[in-house]
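Tertiary structure, described
Each chain is listed here by its residues.
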Amino acid sequence: MADTTPRVAIVDFDLGNLFSVKQACRVTGIDAFVAQTAKEVSAADAIILPGVGGFPRAMSVLKQRDLVSAVKDVAHSGRLVVGICLGMQLLMESSTEFDHTDGLGLIAGSADRLPELDGGNGRLIPIPNVGWSGVVPAAAGAWEATPLQSTKPGTRFYFVHSYFVKPRQDEDILAKSQFGPLNFCAAVRRRNVIGFQFHPERSGEVGLQLYRSLSALIKAARGK
């Protein structure tokens, strides 16, 4: 019998939490490997863009390793592309971090710095936003046929970020969360391109369940 285990490339651009993502894949039945070349990325059943750090540096490394076209080709082929934290921000057209940097352009919109907001007693809410926050669907039925389908609205995931994405089209917003009074985009989806601002691999069992759902979607996309 042919092996049906998804083969997933975790794209290495020197800023990713590669080990924790690979471990989460392993325990949820995804055969994941770290990829640094276009050939490795192109051969995968799906790809994951992890990341913690700066948008300009990440895009610079992706270009140096000739990975920008490879990632776009995977997306255009219908295979699943998943961005996590910085990886989700890279899916956008651009970022305002350190002026302006072009992104992968797989989802229309930008990544901008979290605003300075009053947290009470004359103190600003700390940036980066670090900790557990509830995540809710962006609209009724938004989570159907997505990795969040079996997740209860309001489930708390772990966030670490100073920037957040602002999709130009509301239909690309999959989930939302709160940063003080700001209701921000916590997940995106455009067809086979999905991104999470939070870290599923750092979010305990609810995060692992999301990875299990990803495995099923990868298999379904590969079979098309």
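Residues numbered from 1 in each chain as written. Predicted model: local features only at pLDDT ≥ 70, side-chain atom pairs only at ≥ 80, totals over all residues. Heavy atoms only, no water.

Focus: the overall build of the protein
Each helix and strand counted, the protein has six helices and 14 strands in total. Taken over C-alpha atoms, the radius of gyration comes to 17 Å for the protein, in line with the 17 Å a tight globule of 224 residues would show. Looking at the protein residue by residue over its 224 residues, the buried ones come to 52%. Within the protein, contacts between residues separated by at least 24 positions form 71% of all contacts whose residues are at least 6 apart in sequence. Carbon together with sulfur atoms contributes 50% to the accessible area of the protein, which is approximately 10,100 Å² in total. Here the protein contributes 24 positive and 21 negative side-chain charges, whose respective centroids are spaced 4 Å apart. (Helix = DSSP H or I, 4+ residues; strand = E, 2+ residues; numbered from the N terminus. Rg over C-alpha atoms; globule rule 2.2 N^0.38 Å. Buried < 20%, exposed > 50% of the residue type's maximum accessible area, 1.4 Å probe, protein only. Contact = heavy atoms within 4.5 Å. Areas by Shrake-Rupley, 256 points an atom, 1.4 Å probe, with all protein chains shown as cover. Lys, Arg positive; Asp, Glu negative; His and termini not counted. Charge placed at Lys NZ, Arg CZ, Asp CG, Glu CD.)

Examining the side chain of His-199
In this fold, His-199 is placed in the loop between strand S14 (193–196) and helix H6 (204–222). Not counting residues within four places of it along the chain, the set of residues in contact with His-199 comprises Asn-17, Gly-51, Val-52, Ile-84, Cys-85, Tyr-158 and Val-160.

Details of helix H4 (residues 68–76)
Here H4 has its buried residues at Val-68, Ala-70, Val-71, Val-74 and Ala-75. Of the surrounding secondary structure, the elements contacted by the buried residues of H4 are helix H2 (38–43), strand S3 (46–49), helix H3 (55–64), strand S4 (80–84) and S14. A positive phi of about 95° marks Gly-78, the residue just after H4.

Notes on the pattern of salt bridges
Summed over the entire model, instances satisfying the criterion amount to six salt bridges. Here Arg-7 and Asp-31 are joined by a salt bridge, their closest N and O atoms 3.1 Å apart. Of this pair, Arg-7 sits in strand S1 (residues 7–11) while Asp-31 sits in strand S2 (residues 31–35), and the two are 24 residues apart along the sequence. We note a salt bridge from Glu-93 to Arg-168, for which the minimum N-O separation is 2.4 Å. One end of the pair, Glu-93, is in strand S5 (residues 92–95); the other, Arg-168, is in the loop between strand S11 (163–167) and strand S12 (173–179), with 75 residues separating them in the sequence. Using a relative accessible area of 60% as the deciding quantity, one classes Arg-168 as exposed. (Salt bridge = Lys/Arg side-chain N within 4 Å of Asp/Glu carboxyl O.)

By themselves these figures say nothing about function.
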